[in-house]
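Examining the three-dimensional arrangement
Chain by chain, the residues:
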Amino acid sequence: MNGDFYIGSITVRRGRDADGAQRRLCRGCGRSFRASTGRALGTTKLPAATWARYAEAMLAGATLRDAAAACGVSLKTSFSMRHRL
């Protein structure tokens, strides 16, 4: 990632989040952000493996309840996940 998600300015590495993810700093506006900012799964708290299992279940034609059970999430979370895919 060479540019800032917000204004397109050059960024530099800044450090890490509490969970160990790399943070970046925009030289133009001074904002700090993650490399995943602006991506489809950038704001999720679920691990990528859970999303992969959910996508496989949806492609196989599973219902929301079946997909939720396969991924270990609630029905409400399964509903929200479906709209992100």
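A quick note: this is a predicted structure, and the numbers were derived from the prediction, not measured.

Thresholds, definitions, all that
- Residues numbered from 1 in each chain as written.
- Predicted model: local features only at pLDDT ≥ 70, side-chain atom pairs only at ≥ 80, totals over all residues.
- Heavy atoms only, no water.
- pLDDT = per-residue confidence, 0-100.
- Helix = DSSP H or I, 4+ residues; strand = E, 2+ residues; numbered from the N terminus.
- Buried < 20%, exposed > 50% of the residue type's maximum accessible area, 1.4 Å probe, protein only.
- Arc of directions from axis to C-beta.
- Contact = heavy atoms within 4.5 Å.
- Polar contact = N/O pair within 3.5 Å; in protein donor to acceptor, adjacent residues only side chain to side chain.
- Axes fitted to C-alpha atoms, helices over the stretch in contact; angles between N-to-C directions.
- Parallel < 35°, antiparallel > 145°, perpendicular 65-115°, else oblique.
- Left-handed = near helix turned anticlockwise from the far one by under 90°.
- Nonpolar A, V, L, I, M, F, W, Y, C, P; charged D, E, K, R; others polar.

As for the confidence of the model for the chain
Confidence in the prediction of the chain, expressed as mean pLDDT, is 80, and 74% of residues score 70 or more. Confidence scores differ between elements of the chain, with strand E1 (residues 11-16) showing the lowest mean pLDDT of 68 and helix H2 (residues 64-71) the highest of 95.

Here we look at H2
Of all the positions in H2, only Leu64, Ala67, Ala68 and Cys71 are classed as buried. Down the axis of H2, the smallest arc covering the buried residues is 100°, so these residues share one side. Relative to its buried face, H2 has exposed residues pointing more than 90 degrees away, namely Arg65 and Ala69. Among the structural elements, helix H1 (48-59) and helix H3 (75-84) are those in contact with the buried residues of H2. Remark: Gly72 follows H2 within two positions and exhibits a positive phi of approximately 75°.

Looking at the environment of Thr63
Along the polypeptide, Thr63 turns up in the loop between H1 and H2. In this structure, the C-alpha to C-alpha distance between Thr63 and Ser78, residues 15 residues apart in sequence, is 9.6 Å. Within the structure, the side chain of Thr63 is placed 3.1 Å from the side chain of Asp66, a separation counted as a polar contact.

A closer look at the packing of H1 against H2
Contact geometry for H1 and H2: axes closest at 9 Å, N-to-C directions at 150°. When the axis of H1 is compared with that of H2, the two are roughly antiparallel. For the crossing formed where H1 meets H2, the hand is right-handed. In this structure, H1 contributes Thr50, Arg53, Tyr54, Ala57 and Met58 to the contact, and H2 contributes Leu64, Ala67, Ala70 and Cys71. Of the residues in the contact of H1 with H2, the class split is seven nonpolar, one polar and one charged.

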